[in-house]
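Each chain, written out:
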Amino acid sequence: MKGKTRAQEICKELGLKLTPQRMAILGYLDGNIAHPSAEDIYSAVSKRFPGMSRATVYNTLASLRDKGKLLELTIDPAKKRYDPDTKPHHHLICLECKRVSDIDRMFDLELPDSLGYDITGNHIEFYGYCPECRSTRT
Ligand SMILES: [Zn+2]
Ligand SMILES: [Zn+2]
């Protein structure tokens, strides 16, 4: 692809200085469906940039999240995960290996008007055992 990369566009949009480290973070997240934690992102990107600080990762993630370019999942309170897919979708969580998978199907959920809320979104978490973990459980 010629011209600007997606990472460059996002940096410009967020008013972030375009550094090789940020490019690498954005590149790592682009199309990533593994829902990595900040630590996962740090360890992957710091392989290429050994001098990179955790603060760079955390700050970049916070900027992306604040601008709606990244979903922050608090499924596991001890370990926030990040999802570059910002369109509404639900998640499947494996209780054994803790993997988080996307559910592309949407569900028709209606809440009674009597609650008085103007509903802007929802997020459903399904828990269970993934195919790999199921096969090793007895
Ligand atoms: Zn599993
Ligand atoms: Zn997701």
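Residues numbered from 1 in each chain as written. Chains lettered and ligands numbered in written order. Predicted model: local features only at pLDDT ≥ 70, side-chain atom pairs only at ≥ 80, totals over all residues.

Peer 1: Teacher, can you tell me more about the overall build of the protein here?
Peer 2: A tally of regular secondary structure across the protein gives five helices and five strands. Its helices and strands taken in sequence order, the protein reads α-α-α-α-β-β-β-β-β-α from the N to the C terminus. Taking the principal axes of the C-alpha coordinates as reference, the protein spans close to 45 × 45 × 30 Å. Here the protein, with 138 residues, has 14% of them falling under the buried criterion. Restricting the contact set of the protein to residue pairs at least 6 apart, pairs at least 24 apart contribute 47%. (Helix = DSSP H or I, 4+ residues; strand = E, 2+ residues; numbered from the N terminus. Buried ≥ 20, exposed ≤ 12 C-beta atoms within 10 Å, placed from the backbone. Contact = placed C-beta atoms within 7 Å.)

Peer 1: Any chance you could explain the pairing of strand 3 (residues 90–94) here in plain terms?
Peer 2: Working note: regular strand, side chains alternate between the two faces of the sheet. Pairing between strand 3 and strand 4 (residues 100–103): four bridges, direction antiparallel. Residue pairing across strands places H90 opposite I103, the latter belonging to strand 4. Following strand 3, the chain reverses through five residues before pairing antiparallel with strand 4; K98 in that reversal takes a positive phi of roughly 70 degrees. (Pairing = 2+ DSSP bridges.)

Peer 1: What is the right way to look at the packing of helix 2 (residues 20–29) against helix 3 (residues 38–45) in this model?
Peer 2: It is the contact of helix 2 with helix 3, at a shortest axis distance of 10 Å, that shows an interaxial angle of 120 degrees. With respect to helix 3, the element helix 2 is oriented oblique. Helix 2 and helix 3 meet at a crossing whose hand is right-handed. Contacts between helix 2 and helix 3 pair Q21, A24, I25 and Y28 from the former with I41, A44 and V45 from the latter. The residue makeup of the contact of helix 2 with helix 3, split by class, is six nonpolar, one polar and no charged. (Axes fitted to C-alpha atoms, helices over the stretch in contact; angles between N-to-C directions. Parallel < 35°, antiparallel > 145°, perpendicular 65-115°, else oblique. Left-handed = near helix turned anticlockwise from the far one by under 90°. Nonpolar A, V, L, I, M, F, W, Y, C, P; charged D, E, K, R; others polar.)

Note that every value here comes from positions in space, so none of it alone points to a role or purpose.
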